[in-house]
Amino acid sequence: MTTRPPAIVWFRRDLRLTDNPTLAAALAAHDTVVPVYIDDPDSEAPWTPGGATRWWLHHSLAALDERLRATGARLLLRRGDSLTALRALIAETGADAVYWSRLYEPATIARDRDIKQALREDGVEVHSHNAALWCEPWTLKTGAGDPYRVFTPFWRALQPQMPALHIHRAPQSIPVPKRMPDSLALQALGLRPKIAWDLGMQATWTPGETGALTAAADFAKASLGNYREGRDFPARADTTRLSPHLHFGEISPQQVRAAVQRHAAGQARLEDDASHVLRELGWREFAHHLLFHYPQTPEAPLYEKFAKLPWRQPRDYAADLAAWQQGRTGVPIVDAGMRELWTTGWMHNRVRMIVASFLTKNLLIPWQEGARWFWDTLLDADLANNTLGWQWTAGCGADAAPYFRVFNPVLQAGKFDAEAAYIRSWVPELSALPPDAAHAPWQAKPAILAAARLRLGTDYPLPIVDLAASRQRALDAYQAIKAG
Ligand SMILES: Cc1cc2nc3c(=O)[nH]c(=O)nc-3n(C[C@H](O)[C@H](O)[C@H](O)COP(=O)(O)OP(=O)(O)OC[C@H]3O[C@@H](n4cnc5c(N)ncnc54)[C@H](O)[C@@H]3O)c2cc1C
């Protein structure tokens, strides 16, 4: 009996064995498979993965290798140009097919298209699958045949198209060729930082499929019932914190859906919370839809008139940008968010909106600067979600907050961090202040500051910008382009 040559399973951002249709298809058609990850950051330029996501990737690859070894396989690591690496692996193994899960950024789409064509010309089969989304970006169109630009009708159209809730089980055994080719050592990819700024991330996260499944199950059990009400309060742990796991495909949206729906089944109150989680995942789908149809949007506003917005110039805003990045703006909720980001590689969604509004509106710094900083520091940095988040807050993207909506960071803190617990945990200089003073220390009476032994301007900065005057400056700037 002749056996079919092996298939290469090219892992990218589908770093899991459960509910992985690509792996399942390769195993169904071949006797053996060769799992590989190729580190090829240049092919994603100009959005080569940032420092934080590369840290996550290091640990996620280690976790995937461990999972594969438990099935009798292992993960090969290669680096450099993806096509060259795949061709070398085909020559070394005699593989006659390559399987991968589709990606949706402009650079990865173009790269994969070229690789598919080149391999097919080489006589190698290529099979790609959807392992990341409920609905791939091209499946939904408005009645007029256009892409959606507004979330609610998009979500209404998506829900009936959701695939049946069938989860592929993780294979128990993954047969590999008797002689597996050589692999680079994980350390050789150089994914971890040279300076140890990752201690806070190590203490906070468990990258990998097992970490993702545990986080989803723990959320369903402990926090699902608080999601709808609690998801806006940064001091509470009421959101899933699955974003980096989802970005790397350590868990699929279907698995999250299964975790929350199964837990909620038959309990109306929990079912409502579960539907809110699904709706947030719907925003993730919407972000991918937008990026696919408007590939210019990581750099340019979706609505072109916003390109004319009179932003400040780099030489004028450099010091303010640095203060924002370092969490030293003198506006506590902003500084708390930026410090949470720096330490843990993550920031609560409500605070992401506040810091982004502060940067783009109070400081009048182009949203692209903020998007770049998030790109390098977020563990969940995702071109689709990050682009949508920044354009939404700046008011120039799909379904965006209206341009005239400028978040007041003091009111936001009062509403969503009333006891200042979040501020205190990230800005310890303010921990002795009562909540009102911690929200806006520059408004506190001298006696309150003295009682807390806080010298404003020395122990903690005065605000780098006047909130009311800068709000007005932003409104004027936005008004100018509206009129123009
Ligand atoms: C300026 C800005 C930048 C952002 N950049 C990113 C980014 O780079 N990567 C990223 O994953 N999210 C980004 N977001 C969206 C959102 O803040 C995070 O997805 C969320 O905070 C992750 O926490 P969670 O997993 O606990 O979310 P949950 O509330 O538990 O939501 C579950 C999942 O739904 C998805 N999701 C939730 N909210 C959104 C949203 N608004 N847009 C798209 N998907 C969403 C995420 O995959 C998330 O993990 C950004 C938001 C803003 C305002």
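In this text the structure is predicted, and so the values were computed from the model without any measurement. (Residues numbered from 1 in each chain as written. Predicted model: local features only at pLDDT ≥ 70, side-chain atom pairs only at ≥ 80, totals over all residues. Heavy atoms only, no water.)

Student: I tried to follow the overall build of the protein on my own but got confused; where do I start?
Tutor: Looking only at helices and strands, the protein has 21 helices and five strands in total. Relative to the 2.2 N^0.38 estimate, which gives 23 Å for 484 residues, the radius of gyration of the protein is 24 Å and therefore close to what a compact globule would have. Considering only C-alpha atoms, the protein reaches an extent of 90 × 50 × 50 Å along its principal axes. By sequence separation, contacts in the protein at least 24 residues apart represent 79% of the contacts at least 6 residues apart. Accessible surface for the protein amounts to roughly 20700 Å². Of this, 53% is attributable to carbon and sulfur atoms. Here the protein holds 53 positive side-chain charges and 51 negative ones, and the gap between their average locations is 2 Å. (Helix = DSSP H or I, 4+ residues; strand = E, 2+ residues; numbered from the N terminus. Rg over C-alpha atoms; globule rule 2.2 N^0.38 Å. Contact = heavy atoms within 4.5 Å. Areas by Shrake-Rupley, 256 points an atom, 1.4 Å probe, with all protein chains shown as cover. Lys, Arg positive; Asp, Glu negative; His and termini not counted. Charge placed at Lys NZ, Arg CZ, Asp CG, Glu CD.)

Student: Looking at this structure, how should I read the domain arrangement of the protein?
Tutor: Interface extent is often summarised as the accessible area lost during association of the parts. The domains assigned to the protein are domain 1 (7–131), domain 2 (133–167 + 209–293) and domain 3 (304–483). Using C-alpha coordinates to define each centre, domain 2 is positioned 27 Å away from domain 3. Every contact between the two is made by 22 residues of domain 2 and, on the other side, 23 residues of domain 3. Per-residue buried area on domain 2 facing domain 3 is highest for Asp 232, Pro 234 and His 247; these three make up 29% of the total on that side. (Domains from an automatic or database assignment. Buried area = accessible area lost by both parts, 1.4 Å probe.)

Student: Would you explain the side chain of Arg 111 in this entry?
Tutor: Here Arg 111 shows up in helix H4 (residues 106–121). Ignoring sequence-local partners within four residues, the contact set of Arg 111 consists of Trp 10, Arg 12, Asp 40, Ser 43, Glu 44, Ser 82 and Leu 103.

Student: It is not clear to me how the environment of Arg 16 should be interpreted in this structure. Could you clarify?
Tutor: Assignment of secondary structure puts Arg 16 in the loop between strand S1 (7–11) and helix H1 (21–29). Looking at Arg 16, the relative accessible area reads 1%, which means it is buried. Each C-alpha atom of the pair Arg 16 and Ala 212 lies 9.5 Å from the other, and the pair is 196 residues apart in sequence. Residue contacts for Arg 16: discarding those within four places in its chain leaves Phe 11, Pro 21, Leu 64, Ala 131, Glu 209, Gly 249, Glu 250, Ile 251, Ser 252 and Gln 255. (Buried < 20%, exposed > 50% of the residue type's maximum accessible area, 1.4 Å probe, protein only.)

Student: Looking at this model, I keep getting lost on the packing of aromatic side chains. Mind explaining?
Tutor: To describe a pair of aromatic rings, you give the distance between the ring centres and the angle between the ring planes. This structure, assessed with the given rule, holds 22 aromatic pairs. Ring plane angle 70° and centroid distance 6.1 Å describe the contact between Trp 324 and Trp 390, whose orientation is recorded as edge-to-face. With a gap of 66 residues between them, Trp 324 in helix H12 (residues 314–326) and Trp 390 in helix H16 (residues 383–394) connect regions that are remote in the sequence. Grouping residues by exposure puts Trp 324 and Trp 390 together as buried. Seen from the ring of Trp 10, Arg 12 lies directly overhead, with NZ or CZ sitting 4.4 Å from the centre. (Phe/Tyr/Trp six-rings, centres within 6.5 Å; stacked < 30°, edge-to-face > 60°. Lys NZ or Arg CZ within 6 Å of the ring centre and 35° of its normal.)

Student: What exactly am I supposed to notice about the site of the ligand here?
Tutor: Taken together, 26 residues lie around the ligand, and Tyr 227, Thr 239, Thr 240, Arg 241 and Asn 349 are the ones closest in. Between the ligand and Ser 243, the relevant distance is 3.1 Å, taken from an oxygen atom to a main-chain nitrogen or oxygen of the residue. One of the side-chain N or O atoms of Asn 385 is found 3.0 Å from an oxygen atom in the ligand. Here the ligand has 810 Å² of accessible area as a free molecule, and 95% of this is covered by the chains. Those elements giving two or more residues to the shell around the ligand turn out to be helix H9 (243–247), helix H11 (268–293), helix H14 (349–362) and H16. Split by residue class, the shell around the ligand holds 13 nonpolar, seven polar and six charged. (Near = heavy atom within 4 Å. Polar contact = N/O pair within 3.5 Å; in protein donor to acceptor, adjacent residues only side chain to side chain. Nonpolar A, V, L, I, M, F, W, Y, C, P; charged D, E, K, R; others polar.)

Student: I tried to follow the nonpolar core on my own but got confused; where do I start?
Tutor: Within soluble globular proteins, side chains that are nonpolar tend to cluster in buried spots. Trp 324, Val 334 and Phe 374 are the most contacted members of the largest nonpolar core, which totals 95 residues. Two domains share this core, each providing at least three of its residues, namely domain 2 (133–167 + 209–293) and domain 3 (304–483). Filtering out sequence-adjacent residues up to four positions away, Phe 374 remains in contact with Trp 324, Leu 341, Met 347, Arg 352, Val 355, Ala 381, Asn 386 and Trp 390. Judged by nonpolar contacts, the second largest core, of 30 residues, contains Trp 56, Ala 73, Ala 97 and Trp 205. (Core = buried A, V, L, I, M, F, W, Y, C linked by side-chain atoms within 4.5 Å.)

Student: Any chance you could explain the pairing of strand S5 (residues 125–129) here in plain terms?
Tutor: In the case of a regular strand, side chains alternate between the two sheet surfaces. On S5, burial follows the alternation: Val 126 and Ser 128 on one face are buried, whereas Glu 125, His 127 and His 129 on the facing-out side are not. In this structure, strand S4 (residues 97–101) lies alongside S5, joined through five bridges in parallel fashion. Its bridge partner being in S5, Trp 100 is matched across the sheet by Ser 128. (Pairing = 2+ DSSP bridges.)

Student: What am I meant to see in helix H17 (residues 409–416) here?
Tutor: Note: α-helices contain 3.6 residues per turn, so residues at a spacing of three or four share the same orientation. Listing the buried residues of H17 in full gives Pro 409, Val 410, Gln 412, Ala 413 and Phe 416. Each buried residue of H17 lies within a common arc of 165° when the element is viewed along its axis, so the set occupies one face. Exposed and facing more than 90 degrees away from the buried side of H17 are Leu 411 and Lys 415. Here H17 starts with a cap whose side-chain oxygen sits 2.8 Å from the backbone nitrogen of Val 410, and that cap is Asn 408. (Arc of directions from axis to C-beta.)

Student: I'm lost on the sheet that holds strand S3 (residues 76–79) in this one. Help?
Tutor: Sheet strands pair by backbone hydrogen bonding; their relative direction is either parallel or antiparallel. Pairing in this open sheet of five strands is parallel, and the strands run S3-S2-S1-S4-S5 from one edge to the other. With one partner strand each, in any of the chains shown, S3 and S5 form the two edges of the open sheet. The average undirected angle you get between the axes of adjacent strands in this sheet is 30°. Taken strand by strand, H4 contacts S1, S4 and S5, and its axis lies near 165° from that of S4. (Axes fitted to C-alpha atoms, helices over the stretch in contact; angles between N-to-C directions.)

Student: Where do I start with the pattern of salt bridges in this structure?
Tutor: If you walk through the whole model with that rule in mind, you get 22 salt bridges. Between Arg 4 and Glu 125 there is a salt bridge whose closest N-O contact spans 3.2 Å. A residue pair is termed long-range when its members are at least 10 positions apart, and Arg 4 in the segment before S1 and Glu 125 in strand S5 qualify at 121 residues. For Glu 125, a relative accessible area of 34% gives the class partly exposed. In this structure, the salt-bridge partner of Glu 209 is Arg 67, at a minimum N-O distance of 3.0 Å. Taken together, the residues Glu 209 in helix H7 (residues 209–222) and Arg 67 in helix H2 (residues 51–69) connect sequence positions 142 residues apart. A single salt-bridge network, built from bridges that share partners, covers Arg 4, Asp 96 and Glu 125. (Salt bridge = Lys/Arg side-chain N within 4 Å of Asp/Glu carboxyl O.)

Student: How should the environment of Trp 56 be read in this particular structure?
Tutor: Following the sequence through the fold, Trp 56 ends up in helix H2. A sequence separation of 146 residues divides Trp 56 from Gln 202, and the C-alpha atoms of the two residues are 9.4 Å apart.

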